[in-house]
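Residue-level listing of the chains:
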Amino acid sequence: MSLSPRDLGAIAESGQIAQNIEQVARKYAVAVSPLLLSLVDPGDAADPIARQFLPSLEELNTLPEELADPIGDADHSPVPGIVHRHPDRVLFKVVAACPVYCRFCFRREMIGPGKDNTLSKDDFEAVLAYIAGHAEIWEVILTGGDPFILSPRRVAEITERLAAIPHVKIIRWHTRVPMVDPERVTDELVAALHAPGATTWVAVHANHVREFSPDARAAIARLVEGGIALVSQSVLLKGVNDKVETLAALMRAFAENRVKPYYLHHPDLARGTSHFRIGIEDGLALVRELRAQISGLAMPTYILDIPGGFGKVLLESANVEKTATGHRIRDGRGQWHDYL
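These lines cover the structure that appears in this document, whether it is placed above or below. Here the structure is a predicted model, which is why all the values come from computation and not from measurement.

1. A few points about the overall build of the protein
So, step 1. A tally of helices and strands in the protein yields eleven helices and twelve strands.
So, step 2. For 340 residues, the compact-globule formula gives about 20 Å, and the C-alpha radius of gyration of the protein, at 19 Å, lands near that figure.
So, step 3. Counting only C-alpha atoms, the protein reaches 55 × 50 × 40 Å along its principal axes.
So, step 4. A burial count over the protein gives 54% of its 340 residues as buried.
So, step 5. Here the analysis covers contacts within the protein between residues at least 6 apart in sequence; of these, 75% occur between residues at least 24 apart.
So, step 6. A total of about 14600 Å² of accessible surface is found on the protein, and carbon and sulfur atoms cover 53% of it.
So, step 7. Distance between charge centroids for the protein: 2 Å, based on 36 positive and 43 negative side chains.

In structure tokens:
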């Protein structure tokens, strides 16, 4: 269960807070799970859980460089629901909703109530036909929205249909559910993730060690002990995890819970998210410090999705050059892009 803007307004401590929530909710989706609310420290004005999930009027500030589609999904979508940016893998945007809505989400203008992105039955079949018709597709990444809000029956159907395509060998689900709504991770859901012919991976998104509640740890354990391989995803966020001690605690928590740290994303240029972004140079310095302090087993890869749909780049590489006004970023095809 998630709390709506009206629910949040009802429990807000003042009328002004409730007005702020309603004002932001007119532009961006808002929902917070009871578990997340229980993790918020009401005495901490800079609480990292609240900062990630509770609306702020700062979200109404849009900078000129910010984009509605910051990583260029639309330019690489041959059929509704598919993003085919890299030759051997596709994103399958199977749902347009989440159990909670992150305040920094890069797809915030595409998901949530009232968004016309829900796949019809014909759209779903067209997605499967596209994947089946492209033998170069080795991996399918289920995203959205959060695909773990689907019922076990629907998850099993998707898994089985994808695994039946001979060239699809990896099915990867991207989710926040184990951290924010862990009761959804049932034995039935775990079983539904398996099908002969393909290997299932799950990428678990968390940004602060306090998200590892006892219930979240138990949900992760159900996945691991059910035979699912897990990797992590995190976003480097100002005021949430932009201190080396905080980031180290997060990555160690992943490793301790049998989740291999994978990607640390530089925040995208989504509209209304400038208050979450740090500079690339600051991020690089933080990651260098992190590397000096933690085991390689717990070290993530620091990446940037180049705006416009040009793919991911490792920020700790020769593909990033500092300039007088910002940076130049080289994509996988050798083309350089300015990044302010």
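So that's the structure; there's more coming.
2. Digging into the layout of surface pockets
So, step 1. There is about 830 Å³ of room inside the largest pocket.
So, step 2. Together, 37 residues line the largest pocket, and Phe106, Arg107, Thr143, His174 and Gln233 are the ones closest to its centre.
So, step 3. Contributing elements (two or more residues each) for the lining of the largest pocket: strand S1 (82-86), strand S2 (89-93), strand S3 (139-143), strand S4 (170-175), strand S5 (199-205), strand S6 (229-235) and strand S7 (260-265).

3. So, the packing of helix H5 (residues 121-132) against helix H6 (residues 152-163)
Geometry of a packed helix pair, given as the angle between the helix axes and the separation of the axes.
So, step 1. Between H5 and H6, whose axes approach to 11 Å, the crossing angle comes to 30°. Here H6 runs roughly parallel to H5, going by the angle between their axes. Note that H5 runs across H6; the crossing there is right-handed. Along the contact surface, H5 presents Phe124, Glu125, Leu128 and Ile131, while H6 presents Arg154, Glu157, Ile158, Arg161 and Leu162.

4. Notes on the sheet that holds strand S8 (residues 301-305)
So, step 1. Taken together, nine strands build an open sheet; the order of strands is S1-S2-S3-S4-S5-S6-S7-S8-S9 and the sheet is mixed. The open sheet is flanked by S1 and strand S9 (312-314), the only strands paired with a single partner. Here the average twist between neighbouring strands, direction ignored, is 25°.
So, step 2. One ladder, built from four bridges, connects S3 with S4; its direction is parallel. What sits directly across from Ile141, in S4, is Arg172.
So, step 3. Running over the sheet, H5 touches S1, S2 and S3 and is turned about 25° from S1.

5. Here we look at the side chain of His84
So, step 1. Counting through the fold element by element, His84 comes out in strand S1.
So, step 2. For His84, a relative accessible area of 14% translates into the label buried.
So, step 3. A polar side-chain atom of His84 sits 3.2 Å from the main-chain carbonyl oxygen of Pro87.
So, step 4. Separated by 2.7 Å, the side chains of His84 and Tyr130 make a polar contact.
So, step 5. Excluding anything up to four places from it in sequence, His84 contacts His76, Pro78, Arg89, Val90, Tyr130, His134, Glu136 and Ile137.

6. Observations regarding empty space enclosed by the protein
Picture a little ball the size of a water molecule; that probe, rolled over the atoms, points out where space is still empty.
So, step 1. On inspection of all chains with the given rule, the structure shows one cavity of 30 Å³ or more.
So, step 2. Around the largest cavity, the lining residues are Tyr28, Ala29, Tyr101, Cys102, Arg103, Cys105, Arg108 and Ile111.
So, step 3. Here the lining of the largest cavity is composed, by residue class, of six nonpolar, no polar and two charged.

7. Section: the pattern of salt bridges
So, step 1. Tallying each qualifying case throughout the model produces 19 salt bridges.
So, step 2. The shortest N-O distance in the salt bridge between Glu59 and Arg108 comes to 2.5 Å. Of this pair, Glu59 sits in the loop between helix H4 (48-53) and S1 while Arg108 sits in the loop between S2 and H5, and the two are 49 residues apart along the sequence. As far as burial versus exposure is concerned, Glu59 and Arg108 are alike and both buried.
So, step 3. Arg107 serves as the salt-bridge partner of Asp73, at 2.7 Å between the closest nitrogen and oxygen. Here Asp73 is found in the loop between H4 and S1, whereas its partner Arg107 is found in the loop between S2 and H5, with 34 residues between them in sequence.
So, step 4. Each of the salt bridges in this network shares a partner with another, and the network as a whole consists of Asp73, Arg85, Lys93 and Arg107.

8. Brief notes about the sheet that holds strand S12 (residues 336-339)
So, step 1. Taken in spatial order, the three strands make up an open sheet running S10-S11-S12, and their pairing is antiparallel. Only two strands of the sheet have a single partner each, and these edge strands are strand S10 (320-322) and S12. Taking each pair of neighbouring strands and ignoring which way they run, the sheet shows an average axis angle of 25°.
So, step 2. Where strand S11 (residues 327-330) and S12 come together, four bridges link them in antiparallel fashion. Each residue of the ladder has a partner; that of His327, found in S12, is Tyr339.

The rules behind each value
Residues numbered from 1 in each chain as written. Predicted model: local features only at pLDDT ≥ 70, side-chain atom pairs only at ≥ 80, totals over all residues. Heavy atoms only, no water. Helix = DSSP H or I, 4+ residues; strand = E, 2+ residues; numbered from the N terminus. Rg over C-alpha atoms; globule rule 2.2 N^0.38 Å. Buried < 20%, exposed > 50% of the residue type's maximum accessible area, 1.4 Å probe, protein only. Contact = heavy atoms within 4.5 Å. Areas by Shrake-Rupley, 256 points an atom, 1.4 Å probe, with all protein chains shown as cover. Lys, Arg positive; Asp, Glu negative; His and termini not counted. Charge placed at Lys NZ, Arg CZ, Asp CG, Glu CD. 1 Å grid on protein atoms, 1.4 Å probe; cavity = no way out; pocket = protein on both sides within 12 Å on 5 of 7 lines; lining within 4 Å. Points joined across faces, edges and corners; volume = space filled by probe spheres on them. Axes fitted to C-alpha atoms, helices over the stretch in contact; angles between N-to-C directions. Parallel < 35°, antiparallel > 145°, perpendicular 65-115°, else oblique. Left-handed = near helix turned anticlockwise from the far one by under 90°. Pairing = 2+ DSSP bridges. Polar contact = N/O pair within 3.5 Å; in protein donor to acceptor, adjacent residues only side chain to side chain. Nonpolar A, V, L, I, M, F, W, Y, C, P; charged D, E, K, R; others polar. Salt bridge = Lys/Arg side-chain N within 4 Å of Asp/Glu carboxyl O.

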